[in-house]
Amino acid sequence: MANQLIQYMTTLLYDGSFDGLFTAIFEIFEYRYKDVEITSRERFHQENIFAEIHEVITQPDKSERVLNKLEQNIGKQGVYKLLKVFLSEEPDLENLILSAVRQSIKYPQNNILENFADSDVLKISKICKSVDRERHRMTAFVRFEKMQDGVFFSKIDPDFNVLPLIRKHFKDRYQDQKWMIYDLRRNYGLLYNLDICDFFYPDEKIDLHHYQQKFHDEEKSYQVLWQRYFTKTNIVERKNMKLHIQHVPKRYWKYLTEKW
C-alpha cells in the first residue's frame, strides 16, 4: 500500500538553450510523460529521490516542429510572448512554457494566452510586461562610449536577459557606426561591424576595471562637455527628485554620463 503512495516524476534536463527547452517539450509528448518537470542542468538539484532523469540532447528539428505547431495555434505574437518568458530567467519558466504548450494543443482554436483566469497564463502576462519594461528602458538609457579603436561601447546589467529583444532596435538605429553592447551579468554581448550584427561570447568576463583608459580622446571631451551642460541647465528651484526617480529609476543612473 505504501508503494502506491510514491509519486514517480520524470525530470527532463536540458542545456539551458531555447532550442533545448523545446526539444524537451517535444520529447514529453514523444514519450508520453505525464508527471514531469523541466530544468536546466545548471540549475538542477535533485530533491525527489524517486524522480527519473531524462537527459535531453538538443535537436533543432524537434524544437522547430513544436514552434511551428505553436505558431499555428497561438500566432507569432504568442510565440514571442513565450520567448520573453524564457528570457525572463524566472525559476519556473520551463514549466510555465510547458503549461502554455499543453493548453495550446488542448484548445487549438482559442487564444489561450488571453485566458487570464488561468494562473499560469496570468503569470506569463505579468512576466511579459516586466520584460517589456526592461527592454524599453534599455533602449532609452543605454549610453555608448567611443573607444580608441573607433568602436562605440556600452555596458548593461539588465534584470532580464533582454539583449536579444533590443538587437533589431540598435541595428536599425546605428547602421553607420561600429558598436558593441556587453551584458555584464551574463557575460555576452552584441557586436555590429557595419555589416553583421551578431552575438559574441567571450571566454572570460571583459575587464572593465580600467576600461576608461581606452576611451577615445573625443569621448573624454564629450563627457566633460555633457556634464557641464547638464549642470548649467539643471534649475535647482524646479528640481523634483520624486518625479525624476519615477521616470529614471536610480538603478539606471550608472548608464548616464550626467550622473557620474
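Residues numbered from 1 in each chain as written. Predicted model: local features only at pLDDT ≥ 70, side-chain atom pairs only at ≥ 80, totals over all residues. Heavy atoms only, no water.

Could you clarify how one ought to interpret the overall build of the protein chain in this entry?
A count of helices and strands for the protein chain gives 7 helices and 8 strands. Excluding contacts between residues fewer than 6 apart, the proportion of contacts in the protein chain whose partners are at least 24 apart in sequence is 68%. Within the structure as shown, the protein chain displays about 16200 Å² of accessible surface, and the carbon and sulfur contribution to it stands at 50%. (Helix = DSSP H or I, 4+ residues; strand = E, 2+ residues; numbered from the N terminus. Contact = heavy atoms within 4.5 Å. Areas by Shrake-Rupley, 256 points an atom, 1.4 Å probe, with all protein chains shown as cover.)

Please clarify how the pairing of strand β5 (residues 152-156) should be interpreted in this entry.
The two faces of a sheet get side chains in turn, since along a regular strand they alternate between them. Taken together, the 2 bridges between strand β4 (residues 145-146) and β5 define a ladder with antiparallel strand orientation. When the sheet's bridge partners are listed, glutamate 145 is paired in β5 with phenylalanine 153. Between the antiparallel neighbours β4 and β5 lie 5 residues, among them glycine 150 with a positive phi of about 90°. Bridge count between β5 and strand β6 (residues 179-183): 5 bridges; the pairing is parallel. Within the sheet, the bridge partner assigned to serine 154 lies in β6 and is isoleucine 181. (Pairing = 2+ DSSP bridges.)

Help me understand the pattern of salt bridges, please; the structure alone is not making it clear to me.
Between side chains of opposite charge, pairing is possible as soon as their charged atoms come close. Following the criterion strictly, the structure yields 13 salt bridges and no others. Glutamate 30 serves as the salt-bridge partner of lysine 62, at 3.1 Å between the closest nitrogen and oxygen. Of the two residues, lysine 62 is situated in helix α2 (residues 60-88) and glutamate 30 in helix α1 (residues 18-30); the sequence distance between them amounts to 32 residues. With a relative accessible area of 10%, lysine 62 lands in the buried category. Take glutamate 30: its relative accessible area is 38%, and that puts it in the partly exposed class. Lysine 84 is the partner of aspartate 132 in a salt bridge, and the nearest nitrogen-oxygen pair spans 3.1 Å. In this pair, aspartate 132 sits in helix α4 (residues 119-141) while lysine 84 sits in helix α2, placing the two residues 48 residues apart along the sequence. The class of aspartate 132 is partly exposed, set by a relative accessible area of 24%. Classification of lysine 84 as buried rests on a relative accessible area of 7%. Salt bridges sharing partners connect three or more residues here, namely Glu27, Glu30 and Lys62. (Salt bridge = Lys/Arg side-chain N within 4 Å of Asp/Glu carboxyl O. Buried < 20%, exposed > 50% of the residue type's maximum accessible area, 1.4 Å probe, protein only.)

Sorry if this is basic, but what is going on with the sheet that holds strand β2 (residues 36-40) here?
Spatial ordering of the open sheet is given by β2-β1-β3, a layout of 3 strands whose pairing is parallel. Two strands in the sheet have a free side with no partner beyond their single neighbour: β2 and β3 (52-55). Each adjacent strand pair in this sheet contributes to an overall mean axis angle of 25°, direction not counted. Sheet topology note: the strand β1 (residues 10-14)/β3 ladder contains 4 bridges and is parallel. (Axes fitted to C-alpha atoms, helices over the stretch in contact; angles between N-to-C directions.)

Sorry if this is basic, but what is going on with the packing of α1 against helix α3 (residues 93-106) here?
Relative placement of two packed helices is described by the angle separating their axes and the distance separating the axes. Interaxial distance between α1 and α3 falls to 11 Å at its minimum, and their mutual angle equals 50°. In terms of axis orientation, α1 runs oblique to α3. Pair α1 / α3 crosses with right-handed handedness. Contacts between α1 and α3 involve Leu21, Phe22, Ile25, Ile28 and Phe29 from the first element and Leu93, Glu94, Ile97, Leu98, Val101, Arg102 and Ile105 from the second. Of the residues that constitute the contact of α1 with α3, the class distribution is 10 nonpolar, no polar and 2 charged. (Parallel < 35°, antiparallel > 145°, perpendicular 65-115°, else oblique. Left-handed = near helix turned anticlockwise from the far one by under 90°. Nonpolar A, V, L, I, M, F, W, Y, C, P; charged D, E, K, R; others polar.)

Can you help me understand the side chain of glutamate 27 in this one?
Take glutamate 27: it is sitting in helix α1. Dropping the residues within four chain positions of it, glutamate 27 is found in contact with Arg32, Tyr33, His54, Val56, Gln59 and Lys62.

I tried to follow a negative patch on the surface on my own but got confused; where do I start?
Taken together, the side chains of Asp15, Asp19, Asp61 and Glu64 present a region of like negative charge at the surface. Among the structural elements, aspartate 61 can be located in helix α2. For aspartate 61, a relative accessible area of 49% translates into the label partly exposed. (Patch = residues over 30% accessible without salt bridge, like charges linked within 9 Å, V, L, I, M, F, W, Y side chains within 5 Å. Lys, Arg positive; Asp, Glu negative; His and termini not counted. Charge placed at Lys NZ, Arg CZ, Asp CG, Glu CD.)

Would you mind going over the sheet that holds β6 with me for this structure?
The strands that make up a sheet pair up through hydrogen bonds in the backbone, lying either parallel or antiparallel. As summarised here, the arrangement of the 5 strands in space is β4-β5-β6-β7-β8, forming an open sheet in which the pairing is mixed. The open sheet has two edge strands, β4 and β8 (197-200), and neither has a second partner. Relative to the sheet, helix α5 (residues 163-173) contacts β5, β6, β7 (188-192) and β8, its axis offset from that of β8 by approximately 145°.

Just checking my understanding: could you explain the confidence of the model for the protein chain for this structure?
Caution is warranted with low-pLDDT regions, since their predicted coordinates should not be read in detail. For the protein chain, mean pLDDT is 83; residues scoring 70 or higher make up 75% of the total. At the level of individual helices and strands, the protein chain shows its lowest average pLDDT in helix α6 (residues 217-233), which scores 47, and its highest in α1, which scores 98. Every residue in residues 1-5 scores below 50 in pLDDT, and together they form 0 contacts with partners more than four places removed in sequence or on other chains. (pLDDT = per-residue confidence, 0-100.)

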